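# Fold and geometry: a report
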Amino acid sequence: MDRGIDRAVDVLIVGAGPTGMGASWRIQELHELGLNAVHDWLLVEQCSAPGGMAASFRDAQGFTWDIGVHVIYSHYPYFNEFLKDVLGEGILEHPRKGWVWLKGNYIPFPLQNNLQRLPVDDLLACVASFPNAATANPMPANFSQWINQHFGTALAELFFLPYAYKMWAYPAENLATTWTERKSSSKYQNVQRTSLLPLVENLIRRQDTPGWDGAVPFPYPAKGGAGALWSEAFSRLPREHAQLGKGVVSIDTASRVATLSSGERVRYASLLSSMPLDAFLERLDEGFRAQLPAPVLKHSSSHVIGVGVHGEVPEHLRDKFWIQFAQLDLPFFRISITSNYSPDNVPSSGAFWSLMCEVSESPLKPVNHDTVVPDVIAALRRVGLLSPEHEIASVWHRPIAYGYPVPCLERDAYLEEVQALLKENGIYSRGRFGGWKYEVSNQDNAFMQGVEAIDNMVLGTEELTYMHPELVCRTIVDRLAGRSFLNRHKMVRPA
Ligand SMILES: Cc1cc2nc3c(=O)[nH]c(=O)nc-3n(C[C@H](O)[C@H](O)[C@H](O)COP(=O)(O)OP(=O)(O)OC[C@H]3O[C@@H](n4cnc5c(N)ncnc54)[C@H](O)[C@@H]3O)c2cc1C
């Protein structure tokens, strides 16, 4: 070992969120399969627990909270196998029932498929301004234009523009449009398009159109919240390779040495980082940083506010998992009825229920940190989610610095340049904020980015999820990535 170096590894993984876990899981699996291309490796996590943004927390009153809604939309067979392997029977399955709250009505998600539920005047205005496909501009310059082009001005103003601002904390004019095509690893568009014909059919038949995969349930851990998946998976990694409470403080890209908060110096051949890209770049040596383009990335921050309530969940919320709110005078853009996800999310099922509110923040959408909690509770009462007889048992507030990686107009060109520079130096920055691509930033995508980065290092295979989000739809992933991983796995795993 060189002087001043405490450990030399083939792969250093930064962060024990889903991306770091995918990478570690894959290395372990390759090892078990007899492919010992990675001799030594180390996963370091700055926090005292794994899971990153997909972790869950139990408060002093016994309510469990995730960091915002965590609904899995996986269509990766590899990820599905991982889920089953880690949680076994401990998985609940729920219908994908999302709703939009508008002017006192609950409308099945997505709104654009269920306009028949709008008040008559709003419905007529939406129909009157619904765009004529023949006059649509094929190249909208930003998300605002895209919305108007696909849904017309009335629906844009009623829902899409205010909701976009409330969720991203940036106006739709600041957002690009490519992400709208890709709903994280499914065959669906992220913002589903529609036409007048299905609306007329729904009106005539007096029916609703369910959202994405209405019939396909989503999995959720029976105990411990969404984070149970990651804490259980982490517990299966060998301690000599996976260490908590150690943050990467600085990196010398020329000598490929990372200095940890423990003072240890680790030499690596390849490094996979899942920490936010902007914060990661600040830890690199000045020589490297001098080559970087000017920073352009945007992100929202979030306030996650959980409210635990005495009593049974109200009748009208029993079939609801998440609800979107576009109205600008309501602080939250989304609420989840968290006690519906698992009875384990409350101290005693039937005696308590719970909901969780998400409020976004950015320099263009400031939030008063001192009043956000009372503001949210007052708004819950205004919309009737809490009524005067509801007695609050617990309030949990977690501000998170990084909420959504905003797909801003300048993003793709910046990422291409920066990721190429990093790769030349043996560095992969992947995951929700490591890769900064919203369209592939859910848990399954992040996990697969970790898996695919290791395969790229070891086997030279293409990183489909990060490099080609446009291909990450059900059919392609099944054919090119998921099934081939699984087949390889099944063929060579020793009996
Ligand atoms: C509000 C919100 C809603 C979401 N909704 C959903 C959903 O509905 N469905 C879904 O599937 N996913 C959802 N997600 C996404 C899910 O949480 C992410 O996919 C996932 O957490 C990203 O994983 P990651 O490993 O890329 O990053 P992270 O989870 O952020 O993990 C990165 C890890 O790196 C660690 N780290 C940072 N700096 C250092 C350092 N210097 N040294 C060592 N370690 C460091 C961090 O502590 C962290 O543990 C949501 C996320 C948020 C925030």
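Note that this is a predicted model, so its numbers are computed, not measured.

## Remarks on the overall build of the protein
A tally of regular secondary structure across the protein gives 14 helices and 18 strands. Relative to its length of 495 residues, the protein is compact, with a C-alpha radius of gyration of 23 Å against a globular reference of 23 Å. Principal axes of the C-alpha set define a box for the protein whose edges measure 75 × 55 × 50 Å. Split into buried and exposed, the 495 residues of the protein put 45% on the buried side. Intrachain contacts of the protein at a sequence separation of at least 6 include 75% that bridge at least 24 residues.

## Points about the site of the ligand
In the neighbourhood of the ligand, 35 residues make up the surrounding shell, with Gly15, Gly17, Gly52, Gly68 and Gly431 lying closest. Counting residues per element, the ones that place at least two in the shell around the ligand are helix H1 (18-32), strand E2 (41-45) and helix H12 (443-459). Of the residues that constitute the shell around the ligand, the class distribution is 14 nonpolar, 17 polar and four charged. In terms of domain composition, the shell around the ligand takes at least three residues from each of domain 1 (7-54 + 227-297 + 409-492) and domain 2 (56-69 + 91-223 + 299-406).

## Focus on the packing of helix H3 (residues 120-129) against helix H4 (residues 143-168)
Running from amino to carboxyl end, H3 crosses H4 at an angle of 140°, the nearest separation of the two axes being 6 Å. Classified by the interaxial angle, the pair formed by H3 and H4 is oblique. Between H3, through Asp122, Ala125, Cys126, Ala128 and Ser129, and H4, the contact on the second element is made entirely by Gly152, Thr153, Ala154, Leu155 and Leu158. Split into classes, the residues belonging to the contact of H3 with H4 amount to six nonpolar, three polar and one charged.

## Some thoughts on helix H2 (residues 77-87)
By the burial criterion, the buried members of H2 are Tyr78, Phe79, Phe82, Leu83, Val86 and Leu87. The buried residues of H2 occupy one face: seen down the axis, they fall within an arc of 140°. For H2, exposure combined with an orientation more than 90 degrees from the buried face picks out Lys84 and Asp85. Residue Gly88 follows H2 closely and has a positive phi angle near 55°.

## Here's the deal with the environment of Asp375
Structurally, Asp375 is set in helix H10 (residues 372-382). Sequence separation of Asp375 and Pro331 is 44 residues, and the distance between their C-alpha atoms is 7.2 Å.

## Considerations on the pairing of strand E6 (residues 98-102)
Counting buried positions over the five residues of E6 gives five, a clear majority of the element. Across the two faces of E6 the burial is the same, with Gly98, Val100 and Leu102 and Trp99 and Trp101 all buried. Note that E6 and strand E14 (residues 322-325) share four bridges and pair parallel. Residue pairing in the sheet places Val100 in a bridge with Gln324 of E14. Relative to strand E7 (residues 105-108), E6 is paired through four bridges, and the arrangement is antiparallel.

## Looking at the sheet that holds strand E16 (residues 352-361)
In spatial order, the strands read E7-E6-E14-E15-E16-E13-E17; together these seven strands make up an open sheet with mixed pairing. Strands at the two margins of the open sheet, each flanked by one partner only, are E7 and strand E17 (392-406). Going from strand to strand, the sheet's axes swing by 25° on average, the running direction of each strand aside. Bridging between E14 and strand E15 (residues 334-336) involves three bridges; their strand directions are antiparallel. In the sheet register, Ile323 faces E15, and the bridge partner there is Ile335. Against the sheet, H10 contacts strand E13 (298-310), E16 and E17, and its axis sits at roughly 60° relative to E13.

## Some thoughts on the confidence of the model for the protein
With 91% of its residues at a pLDDT of 70 or more, the protein has an overall mean of 91. Low pLDDT, under 50, characterises residues 474-495; the stretch is placed with 25 contacts to residues that sit more than four places away or in other chains.

## Some words on the nonpolar core
Core analysis: the largest hydrophobic core is formed by 125 residues, its most contacted members being Val11, Leu12 and Ala164. Looking at this core, the element that brings in the most residues is H4, giving 15 residues. Split by domain, this core shows at least three residues from each of two domains, domain 1 (7-54 + 227-297 + 409-492) and domain 2 (56-69 + 91-223 + 299-406). The contacts of Val11, once residues within four sequence positions are left out, are Ile27, Val38, Trp41, Tyr268, Ser270, Leu272 and Met457.

## Quick word on the environment of Arg267
Relative to the helices and strands, Arg267 is located in strand E12 (residues 265-273). Each C-alpha atom of the pair Arg267 and Arg7 lies 6.3 Å from the other, and the pair is 260 residues apart in sequence. Discounting residues that sit within four places of it in the chain, Arg267 has contacts with Asp2, Ile5, Ala8, Arg256 and Val257.

## So, helix H6 (residues 228-235)
Every buried residue belonging to H6 is among Ala228, Leu229, Trp230, Ala233 and Phe234, and all of these are buried. Packing partners of the buried residues in H6 comprise H1, strand E3 (56-58), H2, strand E8 (218-221) and strand E9 (242-244).

## Some details on the packing of H1 against H6
One way to put it is that H1 packs onto H6 with a least axis distance of 11 Å and a crossing angle of 35°. Our pair here, H1 against H6, has a crossing hand that is left-handed. Residues Pro18, Met21 and Trp25 of H1 form the contact with H6, whose participating residues are Trp230, Ala233 and Phe234. Split by residue class, the contact of H1 with H6 holds six nonpolar, no polar and no charged.

## Here we look at unusual backbone geometry
Of note, the bond from Phe109 into Pro110 is cis; its omega dihedral lies within 30 degrees of zero at -5°. With respect to the element layout, Pro110 can be found in the loop between E7 and H3. Positive phi, close to 55°, is recorded for Arg256, a residue that is not glycine. Within the fold, Arg256 resides in the loop between strand E10 (248-252) and strand E11 (257-260). Residue Arg256 is classed as partly exposed on the basis of its 18 C-beta neighbours within 10 Å. At Trp436, a position not held by glycine, the phi torsion is positive, near 65°.

## Regarding the environment of Lys437
Here Lys437 is to be found in the loop between strand E18 (427-429) and H12. Linking Lys437 and Pro469, residues 32 residues apart in sequence, is a C-alpha distance of 8.6 Å. Look past the residues within four positions of Lys437 in its chain and what remains in contact with it is Pro405, Tyr466 and Pro469.

So, how was this worked out
Residues numbered from 1 in each chain as written. Predicted model: local features only at pLDDT ≥ 70, side-chain atom pairs only at ≥ 80, totals over all residues. Helix = DSSP H or I, 4+ residues; strand = E, 2+ residues; numbered from the N terminus. Rg over C-alpha atoms; globule rule 2.2 N^0.38 Å. Buried ≥ 20, exposed ≤ 12 C-beta atoms within 10 Å, placed from the backbone. Contact = placed C-beta atoms within 7 Å. Near = placed C-beta within 6 Å. Nonpolar A, V, L, I, M, F, W, Y, C, P; charged D, E, K, R; others polar. Domains from an automatic or database assignment. Axes fitted to C-alpha atoms, helices over the stretch in contact; angles between N-to-C directions. Parallel < 35°, antiparallel > 145°, perpendicular 65-115°, else oblique. Arc of directions from axis to C-beta. Pairing = 2+ DSSP bridges. pLDDT = per-residue confidence, 0-100. Core = buried A, V, L, I, M, F, W, Y, C linked by C-beta atoms within 7 Å. Left-handed = near helix turned anticlockwise from the far one by under 90°.

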